[in-house]
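Summary of the model geometry
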Amino acid sequence: VWKELLNVGFWTAKANIVKPSMVEVSGDELSWEKPEFASSGIGRELILHVYPLLVQDGFYLANSPWVYERLSPIFPEEVYETWAEINPVDAEIIGVKDGDLVYLENPKGVRIKCKVKVYEGVKEGTIHVPYGLGHKVGGEWMKGFGANPNELIVYRWDTKRLIDSKTGYPSKYSTKVRILKVS
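I will try to describe carefully the structure that is included in this document. This structure is a prediction, so every number in the text was calculated from the model and none was measured.

Digging into the side chain of D90
- Within the secondary structure, D90 sits in helix α3 (residues 88-94).
- Of the polar contacts made by the side chain of D90, one reaches the side chain of R44; its length is 2.3 Å.
- Apart from the residues within four sequence positions on either side, D90 is in contact with R44, L46, K123, E124, G125 and T126.

And the structure:
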């Protein structure tokens with residue numbers, strides 16, 4: 001076959017295609033459990049969802065100034081700072097509007113400062129914050145821009161660890177945060 005490939009320049013042999021069989025899944029593997037949350041129980045809290053920026057790899061591109069000038073295709077006006085996306089219904093209830101500076105505070109009192117972006121693409125009861133900014137060390141264009149929302153994630157609450165029951169990994173989606181206006 002190799003000699004034929006070299007002579008012809010492309011593969012001519014018929015491929016032996018194996019069709020995958022359907023896998024049976026039991027109901028146990030599809031079960032759902034109500035998640036446990038780290039929550040202060042004070043005021044209106046939103047479930048924190050952190051996500052990576054498309055233009056950043058988390059470290060190597062973080063020291064490239066051109067990356068900070070086009071952080072998001074959805075919010076192209078946001079440069080060099082962290083923002084929090086919130087549903088319009090939640091924004092109205094909490095009393096914040098697009099562009100407001102706020103603190104996001106987790107149940108342990110850890111805060112980050114960011115700008116509000118009211119966005120219909122966010123589910124009510126959640127708040128979405130991109131990570132990739134907020135480096136404390138690094139080069140001239142990495143250190144000191146924005147905030148790191150991963151600092152808000154609580155992995156231990158009361159006396160228990162907040163873990164994903166299916167994987168055993170710490171749950172990144174078990175933290176509720178409050179929004180406090182910067183005065």
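Things to note about the pairing of strand β3 (residues 101-105)
- Of the strand pairs in this sheet, β3 and strand β4 (residues 111-118) are connected by five bridges, and their pairing is antiparallel. Bridged to L101 within β4 is K115.
- Hairpin connection of β3 to β4: five residues between the antiparallel strands, including G109 at a positive phi of 95°.
- As defined by bridge partners, β3 adjoins strand β8 (residues 176-181) across four bridges and the pair is classed as antiparallel. Bridge pairing in β8 links Y103 to L180.

Quick word on the side chain of T126
- Mapped onto the elements, T126 comes out in strand β5 (residues 126-131).
- For T126, a relative accessible area of 12% translates into the label buried.
- A distance of 2.7 Å separates a polar side-chain atom of T126 from the backbone oxygen of K123.
- Not counting the four nearest positions on each side in its chain, T126 is found in contact with L46, I47, E85 and D90.

Let's talk about the pattern of salt bridges
- According to the stated counting rule, one finds six salt bridges in the structure shown.
- The partner of D90 in a salt bridge is R44, with the nearest N and O atoms 2.3 Å apart. Note that D90 is positioned in helix α3 and R44 in the loop between α1 (2-8) and β1 (45-52), a separation of 46 residues in sequence.
- Residue class for D90 comes out buried when judged on its relative accessible area of 0%.
- For D98, the salt bridge goes to K117, with nearest N and O atoms at 3.4 Å. Of the two residues, D98 sits in the loop between α3 and β3 while K117 sits in strand β4, which places them 19 residues apart along the sequence.
- Judged by its relative accessible area of 42%, D98 falls in the partly exposed class.
- Given a relative accessible area of 6%, K117 falls into the buried group.
- Taken together, the salt bridges that share partners define one network made up of E105, R111 and R178.

Looking at the sheet that holds β5
- Spatial ordering of the closed barrel is given by β1-β5-β2-β4-β3-β8, a layout of six strands whose pairing is mixed. In this sheet, adjacent strand axes meet at a mean angle of 45° when their direction is disregarded.
- Sheet topology places β1 next to β8; three bridges connect them, and they run antiparallel. Looking at β8, one finds that L46 is bridged to V177.

Thresholds applied
- Residues numbered from 1 in each chain as written.
- Predicted model: local features only at pLDDT ≥ 70, side-chain atom pairs only at ≥ 80, totals over all residues.
- Heavy atoms only, no water.
- Helix = DSSP H or I, 4+ residues; strand = E, 2+ residues; numbered from the N terminus.
- Polar contact = N/O pair within 3.5 Å; in protein donor to acceptor, adjacent residues only side chain to side chain.
- Contact = heavy atoms within 4.5 Å.
- Pairing = 2+ DSSP bridges.
- Buried < 20%, exposed > 50% of the residue type's maximum accessible area, 1.4 Å probe, protein only.
- Salt bridge = Lys/Arg side-chain N within 4 Å of Asp/Glu carboxyl O.
- Axes fitted to C-alpha atoms, helices over the stretch in contact; angles between N-to-C directions.

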